[in-house]
Amino acid sequence: MLYAEVAVEAGRSLDRETYTYQVPDGIDVVPGHRVTVPFGRRASYGFVVSLGTEDPGVETKAIATAGGDPLLLPHQVALARLVADHYWVPLIECLRAMLPPRVRKTGSSGSGPSGRQRRHSRLLELANAAASPVAVASLTEEQASALEVIGANQLTLLHGVIASGKTEVYLAAAERALAEGLRVLLLVPDISLTPQLVERVRARLAAPIAVLHSQLTELERAQQWWRTRRGEAQVVLGSRSAVFAPIPRLGLICLDEEGTASYKQDRTPRYETGWVARRLAALTGARLVAGSATPSVVTYFEAGRGELALAKLTRRVRGRDAEVELVDMRDEAAAGNRQPLSRRLLEVVDRTLNNEEQVILYLNRRGMATFVLCRDCGRSVQCLGCSVALVQHAEIDGLVCHYCGYSRAMPSVCDHCGSRNIRGMGMGTQRLEGMVKKLWPRARVLRLDSDAARGPDSYFDIWETFSERRADILVGTQLVTRGLDLPAVTCVGVVDADLPLHFPDYRSAENTFSLVVQVAGRAGRDQRPASVVVQTSNPEHYSLRCAATGDYEGFFAAELPSRKAFTFPPYAEIAVLTRTDADDARAAAVAREAAEELASGLLREGVEGIRVMGPAPAFIHRLRGEYRWQVTLKGDGLDRARHLAPRGRGWSYDVDPVT
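Parameters at a glance
- Residues numbered from 1 in each chain as written.
- Predicted model: local features only at pLDDT ≥ 70, side-chain atom pairs only at ≥ 80, totals over all residues.
- Heavy atoms only, no water.
- Helix = DSSP H or I, 4+ residues; strand = E, 2+ residues; numbered from the N terminus.
- Rg over C-alpha atoms; globule rule 2.2 N^0.38 Å.
- Buried < 20%, exposed > 50% of the residue type's maximum accessible area, 1.4 Å probe, protein only.
- Areas by Shrake-Rupley, 256 points an atom, 1.4 Å probe, with all protein chains shown as cover.
- Lys, Arg positive; Asp, Glu negative; His and termini not counted.
- Charge placed at Lys NZ, Arg CZ, Asp CG, Glu CD.
- Pairing = 2+ DSSP bridges.
- Axes fitted to C-alpha atoms, helices over the stretch in contact; angles between N-to-C directions.
- Contact = heavy atoms within 4.5 Å.
- Core = buried A, V, L, I, M, F, W, Y, C linked by side-chain atoms within 4.5 Å.
- Phe/Tyr/Trp six-rings, centres within 6.5 Å; stacked < 30°, edge-to-face > 60°.
- Lys NZ or Arg CZ within 6 Å of the ring centre and 35° of its normal.

Student: Looking at this model, I keep getting lost on the overall build of the protein chain. Mind explaining?
Tutor: Within the protein chain one finds 18 helices and 28 strands. For 659 residues, the compact-globule formula gives about 26 Å, and the C-alpha radius of gyration of the protein chain, at 26 Å, lands near that figure. By its C-alpha atoms, the protein chain is 85 × 65 × 55 Å across when sized along the principal axes. Counting the 659 residues in the protein chain, one finds 56% classified as buried. Roughly 28,500 Å² of accessible area belongs to the protein chain as shown, and the carbon and sulfur atoms make up 48% of that amount. Of the charged side chains in the protein chain, 81 are positive and 77 negative; the average position of the first set lies 4 Å away from that of the second.

Below, the structure is given as structure tokens:
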């Protein structure tokens, strides 16, 4: 008798990973098959994860039905196990993450053409359009050397300054893999980078392309997934979820802009794409190249220890470095300028527009204002279900919570004291856009943030409009900081560089350095002089001083001592265990009890090198009407504490959090 271990969808909330079923005669299954099984009083679907002939010693039921072919490849099942173990989540959650919703539900949707399909995303049309051959530029000596390092090592960190031609190295490595009959996975952190990369890949690589990201319709995602599963696509390009794509004969993985926070999934399973990509490379034998001008401190530290090979690109292949100026906004205030844009930034934007060149203004806050404040009692207008201030949005003429979506009209009086002295404080991209239009009424202004780019083709349309120079000024959040290659941009303004610096996050200095360097890299893409104006009240901070000169080594050397002193990565692992409850006191009490049990369990079992901290209220203490308390584990080998972690409804885990 053949038995199958099955991860069952209906068992997601239970502690068991798999259940044993008989494989009846007439049904052929292998690991990765989607099957229907009896589960309790109902039927549920699940996935075969292993097969064996050993009698389990208990009464077993039989698999009811099985799909014609396995949906998942053998290496994907193994990868799901690794992800489940590392991120402390049920195996079924990881298997579900590997399938688009339509495929997960039916096992076949999207596998063939649809007569009811009405919309086709422009990005897919671009990927499938005929491409004109382009002349291949000769690699520089540094690029050729980097390509040899990639060819000689399974894991490579490609550390290249802005405009040093990292993408050209990816494409050259991809050509080699394709020539060997292997397939290529190109990962980008943000969907906004995809149009430009699709265009370059299509023009350079004579190979069918599949595109996988969340802005496609469910049917399109299923169709692209099936093209990948059948081996019809030789190059797969996508955002973080594409790391789970079913790619046979995978030979090369390129992780562009390594270390970006966008690579961290914020819902279960809370995986980090770079970590998963390394395990994928190990399981498939593929080579992995992770590239960035600003790699994460942890990855660079690991490269220094030899865990990854290190290839460097120290010189730009075109364009020239923009001049970066730090403007102290304290001096602006002392001089009587209370406006959010400094006199120097106004001067540089004026000059740029007069030269008929383009401007990018970066501010990592959406909406009209940071919050709405009563000037008499000092209280802000809060969300009813989350412990955060509401943000003003012009499109609804009211206030919105960026976490749960709650909205309300702009109050005329303070909810707490009844004062009419209530106004918006701070600035978001929407208010900045309005100010820019008033300051430069003849300029054509675009905004790129997650509010402006909600439609299915919005990213594509905004990028296309700006790249074709049908707009003069682009106002945006971090979506404008990476990857965009726009030769006419000669002015970049960072409106408030201090925002990430004061966020309660051990990576705040790293994020500040990275964002400023990346957004500064959008200027100076050709030989025209370019300027970057960074507005800050902390010009003496090492992250900003190093960012102004593009000195990654200096930043890395300045950042490591504090990481070591406070035992943060790369000197420790971190896991955050969050208890959520509608009752605040009950959430705190359960979290406190869990922390005590964890600490006593580690002591009882003699597990050393792991600290239990908390409980403490989460940074956003109340979210969507529920209160959140956190217990933090810090140390080495946190997997040794997994069996002691609290379980059950109301608990969630975040291993390797990015905030």
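Student: Where do I start with the sheet that holds strand 12 (residues 287-292) in this structure?
Tutor: Sheet strands associate in pairs through backbone hydrogen bonding, adopting either a parallel or an antiparallel arrangement. Read from one edge to the other, the open sheet built from seven strands follows the order 9-10-8-11-12-7-13, with strand pairing classed as parallel. The outermost strands of the open sheet, each flanked by one partner alone, are strand 9 (209-212) and strand 13 (309-313). Strand-to-strand twist across the sheet, computed as the mean angle between neighbouring axes with direction ignored, equals 15 degrees. Judged from the five bridges that link them, strand 11 (residues 250-256) and strand 12 form a sheet pairing that is parallel. Residue Leu252 lies in a different strand from strand 12, and its bridge partner there is Arg287. Contacts from helix 5 (residues 141-152) reach strand 7 (155-160), strand 12 and strand 13 within the one sheet, and its direction differs from that of strand 13 by about 165 degrees.

Student: Help me understand the environment of Ala233, please; the structure alone is not making it clear to me.
Tutor: Tracing the backbone shows Ala233 in the loop between helix 8 (218-229) and strand 10 (235-238). Residues Ala233 and Asn128, spaced 105 residues apart in sequence, show a C-alpha to C-alpha distance of 11 Å. Setting aside residues up to four positions removed in sequence, Ala233 forms contacts with Arg183, Pro208, Ile209, Ala210 and Arg227.

Student: Got a minute to help me understand the side chain of Gln223 in this structure?
Tutor: Inspection of the secondary structure puts Gln223 in helix 8. Judged by relative accessible area, Gln223 falls into the buried class, the value being 17%. Leaving out residues up to four positions away in the same chain, Gln223 has contacts with Gly110, Gly112 and Gln117.

Student: Which parts of the structure should I look at to understand the nonpolar core?
Tutor: Of all hydrophobic cores here, the largest spans 69 residues; its most connected members are Val83, Leu185, Ile253, Leu577 and Leu633. Examining the composition of this core, we find that seven residues originate from one element, helix 18 (residues 584-604), more than from any other. Those residues in contact with Leu185, other than ones at most four positions away along the chain, are Val236, Ala242, Val243, Ile247, Leu250, Leu252, Ile253, Cys254 and Leu280. Ranked by size, the runner-up nonpolar core spans 45 residues in total, among them Ala293, Leu308, Val492 and Val516.

Student: Is there a simple way to explain the packing of aromatic side chains in this structure?
Tutor: A complete count under the given rule lists 15 aromatic pairs for this structure. Taken together, a centroid distance of 5.0 Å and an interplanar angle of 75 degrees make the contact between Tyr300 and Phe556 edge-to-face. Of this pair, Tyr300 sits in helix 10 (residues 297-304) while Phe556 sits in helix 17 (residues 552-565), and the two are 256 residues apart along the sequence. For Tyr300, a relative accessible area of 7% corresponds to the buried category. A relative accessible area of 12% means that Phe556 is categorised as buried. Each residue in the set Tyr300, Phe513, Tyr542, Tyr552, Phe555 and Phe556 is aromatic and connected to the rest through ring pairs, giving one cluster. The cationic tip of Arg34 hangs over the ring face of Tyr45; the distance from NZ or CZ to the ring centre is 4.3 Å. Over the ring of Phe568 we find Lys634, and its NZ or CZ is 4.0 Å from the ring centre.

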